[in-house]
Amino acid sequence: MRRLRQRRTVATRFRAACQRATLAVLMLVPLLIGPCLVAEQAKPADSPAAAQVAKAVGTIKSIQADSITVAVESGGEVTAKLIESTKLLRVPPGEKDLKNAVPLQMQDLQAGDRVLVRGQSSSDALDAHSITALAVIVMKQNDVATKKQHDLEDWQKRGVGGIVTKVDVATDIITISSDGSAANRSIAVQIAKETVLRRYAPGSVKFDDAKPEPASAFMAQIKAGDQLRTRGTRSPDGSELKAEEAVAGSFRNIAGIIKALDATSNTITVQDAISKSAVVVKVSSDSQMKKLPPEMAQRIAMRLKAAAGPPDLQRMVSRVPNSTLADLQKGDVVMIVATEGAGSDAATAITLLAGVEPILTASPNRSASSLLSPWSLSAPGGEGEGAQQ
């Protein structure tokens with residue numbers, strides 16, 4: 001009897017093991033054959049090989065009876081042919097999906113509207129810049145302008161900026177000094193998975209040119225000395241900020257005497273007191289140029305000497321009329337925040353302030369970036385690319 005019970009026990013265990021093994025195999029079957037089935041189902045049997053899915057992002061340049069011409073972000077133009085089955089959808093800027101999309105009529109489209117066109121590219125080599133649109137996702141020009149204005153106000157209200165003094169990759173915390181010194185007004189910026197991150201493109205002076213970056217690449221590239229601008233929720237004492245959006249860039253600080261001007265090439269040569277060498281700086285139409293009246297420069301210098309805290313130079317300078325290259329002359333003392341330049345290209349001035357000799361005398365160790373905003377005053381695009389991907 002004892003042996004019989006042992007045999008039954010072994011048999012029972014064997015059946016249980018077989019059942020578990022069978023169940024494991026059955027669970028593996030969908031994993032093994034699923035991708036093949038999905039691939040076959042996703043490929044229509046009669047789909048023409050030449051029909052390829054295409055996408056174009058840009059703004060509407062012109063509207064025809066059955067098509068729109070799109071000025072593409074990356075350059076060039078694309079004609080989107082609208083057919084009876086084309087879906088026109090309007091989405092608010094900043095949306096991450098199409099949940100709030102609403103149908104749109106052809107007559108509602110306007111030149112200047114931002115669009116994403118999805119469809120099939122033409123198989124005709126002579127018609128390579130044409131897409132038969134299956135869907136056109138539209139952000140109205142007025143909606144984009146309103147969103148940009150709202151973003152600009154929010155950056156001014158909840159945004160902070162400064163020089164990076166420390167980067168902790170393990171905790172995703174970036175410490176910045178909002179007045180240019182590591183000892184005072186330090187803010188710990190917490191980067192999260194959902195934080196929208198961008199980095200300035202080399203040679204760019206435009207906020208909107210900053211390119212999106214994943215958190216890993218952003219944290220790996222940012223370093224002490226970079227500029228960071230961020231907005232989000234600050235702690236009650238202002239020492240910490242949970243970033244909703246951040247943009248960073250490496251900028252060059254130049255301070256010294258103008259040695260030469262070249263109106264033909266829109267450049268100035270500055271004997272830089274920081275690098276002890278002559279630096280060629282290009283002035284573009286986007287460069288912000290101001291020349292301080294002597295009395296204002298003296299007031300700022302007195303404030304710096306009195307250790308009363310860094311003045312809000314950006315606000316004070318905003319009251320000064322804009323200058324041009326013609327307003328500068330050899331021998332002027334300037335402070336410049338510029339791009340680093342790409343390759344052998346000259347640095348491009350983002351902000352140039354002339355008439356600053358009293359300021360440099362009062363605070364010779366303070367960088368230009370700590371007093372001048374290196375940021376273009378245009379708001380981030382915030383145009384809801386997530387809804388368009």
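Described in the following lines is the structure provided in the data block. Predicted model only: the values in this text are computed from it and were never measured.

### Details of the overall build of the chain
Scanning the chain from N- to C-terminus turns up seven helices and 19 strands. Per-residue burial over the chain gives 38% buried out of 389 residues. Within the chain, contacts between residues separated by at least 24 positions form 62% of all contacts whose residues are at least 6 apart in sequence. Summed over all atoms, the accessible surface of the chain reaches about 22,100 Å², with 54% contributed by carbon and sulfur.

### Brief notes about the pattern of salt bridges
Summed over the entire model, instances satisfying the criterion amount to 14 salt bridges. Residue D154 pairs with R158 through a salt bridge whose shortest N-O separation is 3.0 Å. Separated by four residues within a single helix, D154 and R158 lie in helix 2 (residues 141–158), roughly one turn from each other. A residue is classified by how much of its surface remains accessible, and D154, at 14% relative accessible area, is buried. With a relative accessible area of 24%, R158 lands in the partly exposed category.

### A word on the packing of aromatic side chains
In this structure the tally under the stated criterion is one aromatic pair. Here Y200 and F251 contribute two aromatic rings whose centre-to-centre distance is 5.3 Å and whose plane-to-plane angle is 70°, an arrangement assigned as edge-to-face. Here F251 lies in strand 14 (residues 251–262) and Y200 lies in the loop between strand 10 (196–199) and strand 11 (211–212), a separation of 51 residues in the sequence. Side by side, Y200 and F251 carry an identical accessibility label, which is buried.

### Some thoughts on the environment of N253
For N253, the location among the structural elements is in strand 14. The sequence separation of N253 and M335 amounts to 82 residues, and the corresponding C-alpha distance is 7.6 Å.

### Observations concerning unusual backbone geometry
Residue D172 is not a glycine yet carries a positive backbone phi of 55°. Within the secondary structure, D172 sits in the loop between strand 7 (159–168) and strand 8 (173–177). For K276, which is not a glycine, the phi torsion comes out positive at approximately 60°. Inspection of the secondary structure assignment puts K276 in the loop between strand 15 (267–272) and strand 16 (277–282).

### Let's talk about the nonpolar core
I68, L109, V115, V117 and V136 are the most contacted members of the largest nonpolar core, which totals 18 residues. For this core, the secondary structure elements donating two or more residues are strand 1 (52–63), strand 2 (67–72), strand 3 (77–90), strand 5 (114–121) and strand 6 (130–139). Those residues in contact with I68, other than ones at most four positions away along the chain, are I60, S62, I63, V78, T79, A80, L82, L109 and V136. Core analysis: the next-biggest nonpolar cluster, separate from the first, contains 17 residues, I254, V279, M289 and A347 among them.

Scoring rules and cut-offs
Residues numbered from 1 in each chain as written. Predicted model: local features only at pLDDT ≥ 70, side-chain atom pairs only at ≥ 80, totals over all residues. Heavy atoms only, no water. Helix = DSSP H or I, 4+ residues; strand = E, 2+ residues; numbered from the N terminus. Buried < 20%, exposed > 50% of the residue type's maximum accessible area, 1.4 Å probe, protein only. Contact = heavy atoms within 4.5 Å. Areas by Shrake-Rupley, 256 points an atom, 1.4 Å probe, with all protein chains shown as cover. Salt bridge = Lys/Arg side-chain N within 4 Å of Asp/Glu carboxyl O. Phe/Tyr/Trp six-rings, centres within 6.5 Å; stacked < 30°, edge-to-face > 60°. Core = buried A, V, L, I, M, F, W, Y, C linked by side-chain atoms within 4.5 Å.

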